[in-house]
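Spelled out from the first residue to the last, the chains are:
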Amino acid sequence: MVDAPTDQGRCGVPLIDVDALTREFSITERDSGLGGALRSVVRRHTKSVTAVRDVSFTVEGGTVLGLLGPNGSGKTTTLKCVAGLLTPTRGSVTVLGLMPSERPAALLRRLGFVMGQRWQLHPDIPVLESFELHRVVYDLDRDEFLRTRDELMTLLELDDLVSQPSRKLSLGQRMRCEFVAALLHRPSVVLLDEPTLGLDFDAQLLIREFVRRYVEATGAAVILTSHYLADIEALCDQVMTISHGSITFRGSLTELKDMAGDRKRVTARTTEPLPRDALEALGHVVEQTPGTVVLEVPRSRAGAVVGSLELLDGVSDVSLGDPPLEETLRDLYRLSP
Amino acid sequence: MTTIAPEDAQVRPPVRIASLYAGMVRAEMQAASTYRAQLVLSVLAWVVPLAFLTLWRSAAADGPVGGITATQFSTYFCLLLVTTNLQLSMPVIFDFGWLVYSGQMSALLVRPCHPVHQVIARAIAEKVYVLPGLAIIVPVALVLTGGSVSGTPFAWLVAVLATLLGTVAVVYLAAMAGAVAFWMTKAQGVQGLLVGAEWVLGGIVAPVALLPGVWSDIVRHQPFWYADAAAPEILSGISAPSLWIVAEAAVWVVALHLLYRALWRRALRKYDAVGT
């Protein structure tokens, strides 16, 4: 895997430092319909919207921070501030000791950004030529570039694709090529915005494994946003949830799962319908279908509920588990700052 | 907090810029070759100076117009066909604005290279394909219309330098007009104004010597004139060559460079990094 002896020494050292970041946008509002459109030509109403508010965190080398949140919560705005695409309204962002919003070339040479919906490959030239263009833009040593390129292409199984223009590739193929392009210069800081969006299962697995190995080999600091929890579970050492522009949780995935620890899910297999009243007396009925009943109960009462269910006629099997992580996240998403 | 080592921040501007453009123009020439019909059209598309050549030659058939003879009109517009075809302003203006509007600017902004270089490289690559067409059309037009290119080596030197410096200055203006998209999102109106201005100020419609009163003198001190009309005027004998022309064009380049840098900083602060 990609050699990066200098970066490995960065493991555990903060590479990204975000302090009280706030980003506001000015948006235009108008009434609906043609009348509203015509009035807006003469007089326009604008209002300020806060996309990210007082967000602070650090990311150390060799770690992957998962940034989770519903659509419009401020995940991508945060990433764009870290990348220097957006200038903070207040607060500060420091990456490798530099301010990204000033776009210092020395920092941009160490930054890789994979944007799920924005392509960095040139659409009209073969992918291999796009990589060569990347070498020129990043002013990379040719031998080092070739070594890195070939390693990355092997890891992501690109050999059969690189002679085609990227616009002729499927989404999954193109995304794999984008990953190579984003990492050819062996960035110390990698930002991944929905990198597996729309990809099939095999491509998702390939990319997860690729990112994991890249971080291990280079000691890079990675921020990952994804709607796929499998991405987060496979890659992230730390998780941060963001809702309405503010952080609602920061900790390890284990800690996140523990937040659901005060509740348990009891699942019963049934051979005949159970009376609803009896079930509601035991706990909150999450699901009741022919053959299955799922109850959510406080952890302290879980054992007793299991025992009660086993005594009921028509129950063939009872099992105990945690609520799905998605539901814990949904609760976090709903938290207001 | 880990910081970047000082040696990482070293820059080698002249070598870096040369290798950057060589690589980017090479890639863009490959990209342009994908669309062959577009290539053929681009070779034939900009023949507007020939239309004005016909017009002004007719006007000068009975004698000089504003001191310009029919032969000078022929020479002037044939050379204008060269200079205007090599201008990068239109692709720079519209590509740059489109990058902001479409959201593609974000992908370019995370690279250690100003996005305008990508746009300029694309424009240069397109012009490379236009050159063979010009090499045929211009001599034929000169012969058919009775034009005659002459001039001392000094005149040629001034003509070439003025065109090069003027082209750079106009690229700065075009990039600034394109950057209006950071504020207005759809900035084609402003960009169209600049294109329209080039028709008059660059002497495309008529040699600026024909402008009324002091206007002809004033217009000879701005970038469009250096880029488009200076060389045709000098080599057709309408204007005298002077090093002042080159010096003024160089001052424009420096001034517009500084102005563009200031504008770019403000544009980045304004950037919302959204798509269409």
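What you see is a predicted model, and the numbers here were worked out from it, not measured in a lab. (Residues numbered from 1 in each chain as written. Chains lettered and ligands numbered in written order. Predicted model: local features only at pLDDT ≥ 70, side-chain atom pairs only at ≥ 80, totals over all residues. Heavy atoms only, no water.)

All names here are of chain B. Two elements in contact, helix α8 (residues 153-179) and helix α12 (residues 223-235), have axes whose closest approach is 6 Å; the angle formed by their N-to-C orientations is 160°. The orientation of α8 relative to α12 falls into the category roughly antiparallel. Of the two possible hands of crossing, α8 and α12 adopt the one that is left-handed. Of the residues in α12, those touching α8 at Ala 155, Trp 156, Val 158, Ala 159, Ala 162, Thr 163, Gly 166, Thr 167, Ala 169, Val 170 and Leu 173 are Pro 223, Phe 224, Tyr 226, Ala 227, Ala 230, Ala 231, Ile 234 and Leu 235. The class makeup of the residues in the contact of α8 with α12 is 16 nonpolar, 3 polar and no charged. (Axes fitted to C-alpha atoms, helices over the stretch in contact; angles between N-to-C directions. Helix = DSSP H or I, 4+ residues; strand = E, 2+ residues; numbered from the N terminus. Parallel < 35°, antiparallel > 145°, perpendicular 65-115°, else oblique. Left-handed = near helix turned anticlockwise from the far one by under 90°. Contact = heavy atoms within 4.5 Å. Nonpolar A, V, L, I, M, F, W, Y, C, P; charged D, E, K, R; others polar.)

Residue and element names in this part refer to chain A. Spatial ordering of the open sheet is given by β11-β12-β10-β13, a layout of 4 strands whose pairing is antiparallel. Two strands bound the open sheet, and with one partner strand each, they are β11 (284-289) and β13 (315-321). Neighbour-to-neighbour, the strand axes of this sheet turn through a mean angle of 15°, independent of strand direction. By the bridge criterion, 7 bridges tie strand β10 (residues 263-270) to strand β12 (residues 292-298) in an arrangement that is antiparallel. Its bridge partner lying in β12, Ala 268 is registered against Val 293. (Pairing = 2+ DSSP bridges.)

What follows deals with the interface of chain A and chain B. When the parts of a complex come together, some accessible area is lost, and that lost area is often taken as the interface size. With 42 residues of chain A in contact, the opposing surface of chain B contributes 40 residues. Summed over both sides, the interface between chain A and chain B buries roughly 3,500 Å², with carbon and sulfur atoms accounting for 55% of that surface. Between the two partners, chain A and chain B, sit 2 salt bridges. In this structure, Glu129(A) engages Arg26(B) in a salt bridge whose closest nitrogen and oxygen atoms are separated by 3.1 Å. The interface formed by chain A and chain B holds 11 residue pairs in polar contact (both at pLDDT 80 or more) in total. Elements with a minimum of two residues in the side of chain A that touches chain B: β1 (14-29), α3 (75-83), β4 (90-95), α4 (105-108), β5 (111-115) and α5 (127-138) of chain A. Per-class residue counts for the side of chain A that touches chain B are 24 nonpolar, 5 polar and 13 charged. (Buried area = accessible area lost by both parts, 1.4 Å probe. Salt bridge = Lys/Arg side-chain N within 4 Å of Asp/Glu carboxyl O. Polar contact = N/O pair within 3.5 Å; in protein donor to acceptor, adjacent residues only side chain to side chain.)

Another point: the pairing of strand β7 (residues 221-225) of chain A. Regular strands place their side chains on alternate faces of the sheet. All names here are of chain A. Of all 5 residues that make up β7, 5 are buried, and the element is covered over most of its length. Side chains of β7 alternate between two faces, with Ala 221, Ile 223 and Thr 225 and Val 222 and Leu 224 buried alike. Of the strand pairs in this sheet, strand β3 (residues 64-68) and β7 are connected by 4 bridges, and their pairing is parallel. Residue pairing across strands places Val 64 opposite Val 222, the latter belonging to β7. (Buried < 20%, exposed > 50% of the residue type's maximum accessible area, 1.4 Å probe, protein only.)

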